[in-house]
Amino acid sequence: MWRRVYALMIKEFLALLKDRRSRVVVIVPPLVQLLVFGYAATFDLNRVPFAVYNEDPGLASRDLVARFTGAAAFHLVAAPSSDAEVAPLVDSQRALMVLHIGPQFSRELAAGRPGAVQVIVDGRNSNTAAILLGYVSTIAADFNADWLSRSGAAPPAQLEVRAWFNPNLESRWFLVPGILGLLTLLVALLVTALSVAREREQGTFDQLLVTPYRPVEVLLGKTLPGLLIGLGEATAIVLLATLWFQVPLRGDLVTLYAGLFLFLFSALSVGLMISSVAVTQQQGLLGAFLFMVPSVMLSGFATPIANMPVWMQHVTLINPMRYFLVIIRGVFLQGAPFGVLASQFWPMAVIGLVNMTVAGFLFRRRLY
Amino acid sequence: MSPDAAAQVVLELRGVRKQFTSGGRTLTALRGVSLGVGRGRVTGLIGPDGAGKTTLMRLSVGLLVPDEGQITALGHDTARDPLAVQSSVGYMPQRFGLYEDLTVQENLDLYSDLQGVAAADRAGRYGELMHMTGLARFTGRLAGRLSGGMKQKLGLACTLVRPPQLLLLDEPTVGVDPVSRRELWQIVYRLVREHAMTVLLSTAYLDEAERCDDIVLLHEGEILGKGRPGEFREPLRGRTFSARAPAIGKRAFQKALSAVPGVLDAVIQADRVRVVAREGATDIPGQIARAFAGSTAEAVEPRLEDAFVALLLGRGEARAGAGPLPARAAPAAGTPHRPAAFPGPVIEVRDVSRKFGDFYAVRRATFDVAQGEVFGLLGPNGAGKSTTFRMLCGLLPPSAGTLRVAGLDLRHAASAARARIGYMSQKFSLYGNLSVLENLRFFSSAYDLFGRRQDGRIAWALGEFGLAEYVSMTSQDLSLGHKQRLAMACALMHEPDILFLDEPTSGVDPIARREFWSRINALAEGGVTILVTTHFMEEAEYCDRLAIMADGEVLTIGDPASIKRGQRSEAMPEPSMEDAFIGLIERRARGAEAA
Amino acid sequence: MNAGSGMRLRGLLRKELYQVLRDPSSVAIAFLLPVFLLLIFGYGISLDAEHVPVAVVIEQPDADTASLAGRFSGTSYFAPVFMGDMVRAEAALRDRSVNAIVHLQQDFSKRLRRPDGAPIQLIVNGTDANTARLVIGYVQGVWQKWIEELGDESGVSAAVPVSIEQRVWFNSELRSRNYLVPGLIAIIMTLIGALLTALVMAREWERGTMEALLVTPVTMGEVLVGKLVPYFLLGLGSMALSVAMGLWLFRVPFLGSVWVLSCVSALYLLAALGMGLLISTLARNQFVAGMVAIVATFLPAFLLSGFIFDIGSMPAVVQAITRVLPARYFVSSLQTLFLAGNVWSVILPNAAALAVFAILFLGASRRMLRKRLD
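These numbers come from a predicted model, not from an experiment.

The next thing to look at is the domain arrangement of chain A. Reports of interface size often rely on the accessible area that becomes lost once the parts have come together. The domains assigned to chain A are domain 1 (2–41 + 170–367) and domain 2 (48–151). One C-alpha centre belongs to domain 1 of chain A, the other to domain 2 of chain A, and the line joining them spans 48 Å.

Take the sheet that holds strand β1 (residues 48–54) of chain A next. Taken in spatial order, the five strands of this open sheet run β2(A)-β1(A)-β3(A)-β4(A)-β5(C), and their pairing is mixed. Edge strands, defined here as strands with exactly one partner in the open sheet, are β2 (74–78) of chain A together with β5 (162–169) of chain C. Ignoring strand direction, the axes of neighbouring strands in this sheet form an average angle of 30°. Where strand β4 (residues 115–122) of chain A meets β5(C), eight bridges bridge the pair, whose relative direction is parallel. Looking across to β5(C), one finds that A:V121 is bridged to C:V168.

Quick look at the packing of helix α6 (residues 148–159) of chain B against helix α7 (residues 178–195) of chain B now. Residues and elements named next belong to chain B. Contact geometry for α6 and α7: axes closest at 10 Å, N-to-C directions at 15°. Relative to α7, the element α6 lies roughly parallel. For α6 against α7, the interelement crossing comes out right-handed. Note on element contacts: α7 touches α6 through S180, E183, L184 and I187, opposite G149, Q152, K153 and L156. Taken together, the residues of the contact of α6 with α7 break down into three nonpolar, three polar and two charged.

Core analysis: the biggest nonpolar cluster contains 283 residues, and A:F74 and C:F41 have the highest contact counts within it. Here this core takes 20 residues from helix α7 (residues 176–206) of chain C, the largest share from any one element. Not counting residues up to four positions away in its chain, the partners in contact with A:F74 are A:R47, A:V48, A:F50, A:F68, A:M97, A:L132, A:Y135, A:V136 and A:I139.

Listed by partner, the interface residues are 28 residues for chain B and 25 residues for chain A. Of all residues in chain B, the largest losses of buried area upon contact with chain A belong to B:R418, B:Y431 and B:F442, amounting jointly to 23% of the total for that side. The shortest N-O distance in the salt bridge between B:E438 and A:K18 comes to 2.9 Å. On inspection of chain B and its partner chain A, the count reaches 10 residue pairs in polar contact (both at pLDDT 80 or more). Element by element, the count of residues in the side of chain B that touches chain A is highest for helix α16 (residues 436–446) of chain B, at five residues. Within the side of chain B that touches chain A, the residues separate by chemical class into 15 nonpolar, seven polar and six charged.

What follows deals with the domain arrangement of chain C. Here chain C is described as being made up of domain 1 (8–45 + 175–368) and domain 2 (52–154). Summarising the inter-unit geometry, the C-alpha centres of domain 1 of chain C and domain 2 of chain C are found 48 Å apart.

Attention now goes to the interface of chain C and chain A. Contacts between the two partners involve 94 residues from chain C, matched on the other side by 88 residues from chain A. Between chain C and chain A lies a buried interface of about 8,100 Å² when both sides are counted; carbon and sulfur atoms form 66% of it. Inspection of the region where chain C meets chain A yields one salt bridge. In this structure, C:R133 and A:D44 form a salt bridge, with 3.0 Å as the shortest nitrogen-oxygen distance. Residues that form the side of chain C that touches chain A fall into these classes: 57 nonpolar, 25 polar and 12 charged.

Looking now at the sheet that holds strand β17 (residues 374–378) of chain B. All names here are of chain B. Across the sheet, which stays open at both edges, the six strands sit in the order β19-β20-β21-β17-β22-β23 with mixed pairing between neighbours. The open sheet has two edge strands, β19 (421–424) and β23 (553–558), and neither has a second partner. Each strand axis lies, on average, 15° off the axis of its neighbour in the sheet, ignoring direction. When β17 meets strand β22 (residues 545–550), the two strands line up parallel, connected through four bridges. Following the sheet pairing, G376 is matched in β22 by L546. Together, β17, β22 and β23 form the strand contacts of helix α22 (residues 577–594), whose direction differs from that of β22 by roughly 50°.

This paragraph deals with helix α10 (residues 258–283) of chain C. Taking 1.5 Å of rise per residue, the 26 residues of α10(C) would be expected to cover 38 Å, and the 36 Å separating its terminal C-alpha atoms lies within 8% of that figure. Backbone geometry just downstream of α10(C) places C:R284 in the positive-phi region, at approximately 60°.

For the rest of this paragraph, the subject is the packing of aromatic side chains. Applying the stated criterion across every chain yields a total of 36 aromatic pairs over all chains. Between the aromatic rings of A:F50 and A:F74, the centroid separation amounts to 5.4 Å while the plane-to-plane angle is 65°, which identifies the pairing as edge-to-face. Note that A:F50 is positioned in strand β1 and A:F74 in strand β2, a separation of 24 residues in sequence. Neither residue differs from the other here; A:F50 and A:F74 are each classed as buried. Seen from their ring centres, C:W143 and C:W146 are 5.7 Å apart, and the 35° between their planes marks the pair as tilted. Here C:W143 pairs with C:W146, and both are found in helix α6 (residues 129–154), just three residues apart, close to one helical turn. Under the relative-accessibility criterion, C:W143 is labelled buried at 3%. Here C:W146 falls in the buried class, since its relative accessible area comes to 2%.

This structure, assessed with the given rule, holds 66 salt bridges over all chains. Linking A:E199 and A:K11 is a salt bridge whose minimum nitrogen-to-oxygen distance equals 2.6 Å. Within this pair, whereas A:E199 is found in helix α8 (residues 195–202), its partner A:K11 is found in helix α1 (residues 2–18), the two being separated by 188 residues in sequence. Residue A:E199 is classed as buried on the basis of its relative accessible area of 4%. Across the pair B:E234 and B:R237 runs a salt bridge whose closest N-O atoms are separated by 3.2 Å. One continuous salt-bridge network, built from bridges that share partners, spans B:R181, B:R182, B:E208, B:R211, B:E578 and B:D579.

Moving on: a nonpolar patch on the surface. A surface patch of nonpolar side chains, about 390 Å² in accessible area, is lined by A:V24, A:I27, A:V28, A:L31 and A:V32. Note on placement: A:L31 falls in helix α2 (residues 20–39).

With respect to the helices and strands, B:Y99 occurs in the loop between β6 (89–92) and α4 (104–115). Judged by relative accessible area, which is 3%, B:Y99 ranks as buried. Along the backbone, B:Y99 and B:G144 are 45 residues apart, and their C-alpha atoms lie at a distance of 7.6 Å. Filtering out sequence-adjacent residues up to four positions away, B:Y99 remains in contact with B:N107, B:L110, B:Y111, B:A143, C:K15, C:Q19, C:E204, C:T209 and C:L213. A distance of 3.4 Å separates polar atoms of two side chains, one belonging to B:Y99 and the other to C:K15.

Analysis parameters
Residues numbered from 1 in each chain as written. Chains lettered and ligands numbered in written order. Predicted model: local features only at pLDDT ≥ 70, side-chain atom pairs only at ≥ 80, totals over all residues. Heavy atoms only, no water. Domains from an automatic or database assignment. Pairing = 2+ DSSP bridges. Helix = DSSP H or I, 4+ residues; strand = E, 2+ residues; numbered from the N terminus. Axes fitted to C-alpha atoms, helices over the stretch in contact; angles between N-to-C directions. Parallel < 35°, antiparallel > 145°, perpendicular 65-115°, else oblique. Left-handed = near helix turned anticlockwise from the far one by under 90°. Contact = heavy atoms within 4.5 Å. Nonpolar A, V, L, I, M, F, W, Y, C, P; charged D, E, K, R; others polar. Core = buried A, V, L, I, M, F, W, Y, C linked by side-chain atoms within 4.5 Å. Buried < 20%, exposed > 50% of the residue type's maximum accessible area, 1.4 Å probe, protein only. Buried area = accessible area lost by both parts, 1.4 Å probe. Salt bridge = Lys/Arg side-chain N within 4 Å of Asp/Glu carboxyl O. Polar contact = N/O pair within 3.5 Å; in protein donor to acceptor, adjacent residues only side chain to side chain. Expected span 1.5 Å × (residues − 1). Phe/Tyr/Trp six-rings, centres within 6.5 Å; stacked < 30°, edge-to-face > 60°. Patch = residues over 30% accessible without salt bridge, like charges linked within 9 Å, V, L, I, M, F, W, Y side chains within 5 Å. Areas by Shrake-Rupley, 256 points an atom, 1.4 Å probe, with all protein chains shown as cover.

Below you can see the structure in the form of structure tokens.
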């Protein structure tokens, strides 16, 4: 039996890798997405266009403005000189933020009274706005500390902030390991979901069914290539993530690969389920897409599961990717050992087993 | 060309070449074709799949532009002025573009709009077309729900909403039952007679070509010959015979006859063997009578197929010197594999029905196949052949009835039982992007052949089927004939006892078909049971017994000679297989009316 | 346009209408897909962290710590878990049962009143950098407010030289759904527009009906218009449904005018449908066309349109790529129309870009769609 399965597996590999179209599907999207995600997908802000409406002639205001223009996150695009000029700048999105310093600023400060600074932020993208406001208050706090120490006054009690695992809070460290999950899912689905449909379309499936292959052997022969390709591609992404994108890999590889194996198992089981139902490649593709989109969105890949409505959070419990993301991020950034992540492993195994059983059942029914 | 002659030629091709490139490969579809289609005549474009028929049709209506040469249709250059051609020519593509989710009437309306038929003219035109095609009762039906023959007639009606001067039909009779086929031909002749229309149609059926005024024989992009059907047959007059040797089995007789020096071609025809003599060979009947005791041979009228085969074989000989001909070179299928004797029928079908929704694809079919028999399922597309076939292979469960293959139901049988059957399906269904060797290796492994035995069988297949020089070629790049050989090799890797063949020869040229059948005959002689489906009437003659199917029902079962004999009448003393088929269908229709 | 052309166009349009009515798949793409995607995305994507689990470690409880702890319990941003020691808290941070630790140290009250005091420490789990940053902001806000009020009451030094007065325009509560939903609508329309036409055109090639159309006197311009009009109307219906869901299900404000929205959407639909037509003209196969439509529209629209990730912060090369994506201009237009109103300085350049894309894609399809088979 194993020799037959091996022969089928070799055939699957050859058929997959010799076909230009499927070779492209398996290799190109992962690479492109890794690059795009690695570079384009970031919540960190960089050269945000801002304007300064400074009515104060004093030195203090110039010092404050210099702190903004000197920061890499900001990029000065305009210096309006009247109230009327402010609104068009923000409306037209030429400036995402306007810093408005009143005429009395330096004088108030010198007099030991708080100097008022108004910050107008474009809230159309509220996430950018919130991050922007965070940057602004950090700069203001620095300014305050320096000003107070120069004037000899006692600074107020400070909140000391430390970030574990990702001290500079780089969102790339968060997103790149997530891509490992995304791309593994994509490849596993594409390899399996279309494979039976492709054979049906080419008429080779009947030919396969009249051979002595048993359904379980066909199932195995279709799953193993997906498993091997998934493992290979995941390894490539792990290497790229650590060597190219410099994301720290602090945990042990055994935990990572154990998680990867279980995740692939559950993803392949879904792919086979789609495969056993889809008659054409078109349907297989649509099925893969309709499974892929929600499972990425509801996995905590880009936005945390905790932010979703409670009923939606319950829905995510059947999504294998949510568990895998916890595992890879835990292994990569936290160096979490197997024990800490144990609760993430068994749900994937259960999902995979249930789906495999259903896929096997559907497969048998479609076969006969 | 004189103006007078120019008026006579409606479509003219001069030195037309056309190449296609796909994926780095260049395929020459037409190599310097010149021909003229005369006004008011029915010209048949004859050739196997891949001969270039469709390319020629598409070039003629300006859908393709020739690489070289010039095409003039109704006085317009098709490359330079395609719109002018398209507004005066009627063209029905192979898969006619009916919108299956539109009704018959809606399809007609659409094509009338597109062809600019004035609203006032429509009612009269529709009435005429519907009467001619017999579709008047079905105007409200969705086109997708029509039978193959009715679809084809609707397609023709849509092409004719604005009567064209020149009508091009690309394989109009593929997948159409013999009755509808006859009706289609009647329509074509009526158009020529009443509207002085010029018709160019292509077909792979040689028996149809006999009905044309002129014939153009196309083979691998070249014209092998053109003329009236009689002109093709004439050189063969006196060289065609029908031989009979009741003492010897018909297959052994055919094999022996092929080896007689003066014989060019020998094919089984029911219980007889049809013989075509080589040019210059004398006294063939005498030779046969002397060589085979008790045999008789009489002269018969030559057929177009005889002429076609003679032309092709002549070319092959000219090319390959005096080397062996493919038809003859086909050896017996290797070391004869003798299946263990099986008591009782190898294939048993009892009251089997298959429903899809409320539609019966097969209704109460019953037949048996004995060991070593070549059993044919004959019928047009949609007759239920493929459904029956798939049920036998265990690919589809029956809705009612029982099926047994070697005493087992393949649906529930252990995988070892499936190892005893070989299967070759309708369209080429091997892994197209795998090489010849990879395909052979995979299918032999699938049947548990490993190691030395596997290598031995692969070597056998490569030698036996002449595939050795194509070992590393991607199988989708093979020619149709080689693909068919590879498919058969894959089906025979494990030396099956029972062989299922689903329309194995559709689209293959007559030479490859002969080669194929000589292998089948050899296998059957060795005791292998063979079930074959076909829609070629003449292939039915090669079978020991056959079941004729139409609309999901088995009309009759018997050996070819007795089926034909059963339809003998005063009007038809020597019915052909097609005549017999039509007779059976008409009788059933009368029976239905009476009931 | 002559009479023949009018008749042919009418025939094509009627045919397409029947097909749409009889084949549920295009209606499903136009109406079920947006509902499905909007529900998944609308509820699934949210950047507003609420009820963030935070461990509050109080080593020496007293009146001050109780007052500060009360602030954490009193806001919907946090779901505080009170703990007595750091060991448990750190374990909780590691296994992600809390996102942050607020650590009030041994002599909190004493050091609070000393000039150099840093009696309070915040440790966040930086794995999810964005959430971490939001949590830091929230905690800082709570702390700042508490210490200012404490200063007013007890004279603890809390004077701040610069006080920032925040004004967030257009979306003052910083509700992420308000900007995500308009962006989502843009992405969904990209997918649907391209998918609708990509599949129908490829279907004609696959079923062989295109060959029959080609040999009639119909011109390719007529075929194109015949395809465009029905799916354009279907797309507008789909757009209306999505906007209605945004307004009434997700409660996103809409400040612009419906008229401008319709015009911009119409332009965008033309561009998206044109892209689909172009894809299917080149692919001639439903499977390839569907695959390309998804890959070429969905992912770029999702990642590079400024829908969620800020375009201005991307590397220059990637920014240049975003300029050739129609979705980018539509996302920006929709966010502005919903949250800021008819801001012509944003709408007009975007509309112009969309018009250029529409002309480009439709023109290219027209050119590629020759009355030939090769």
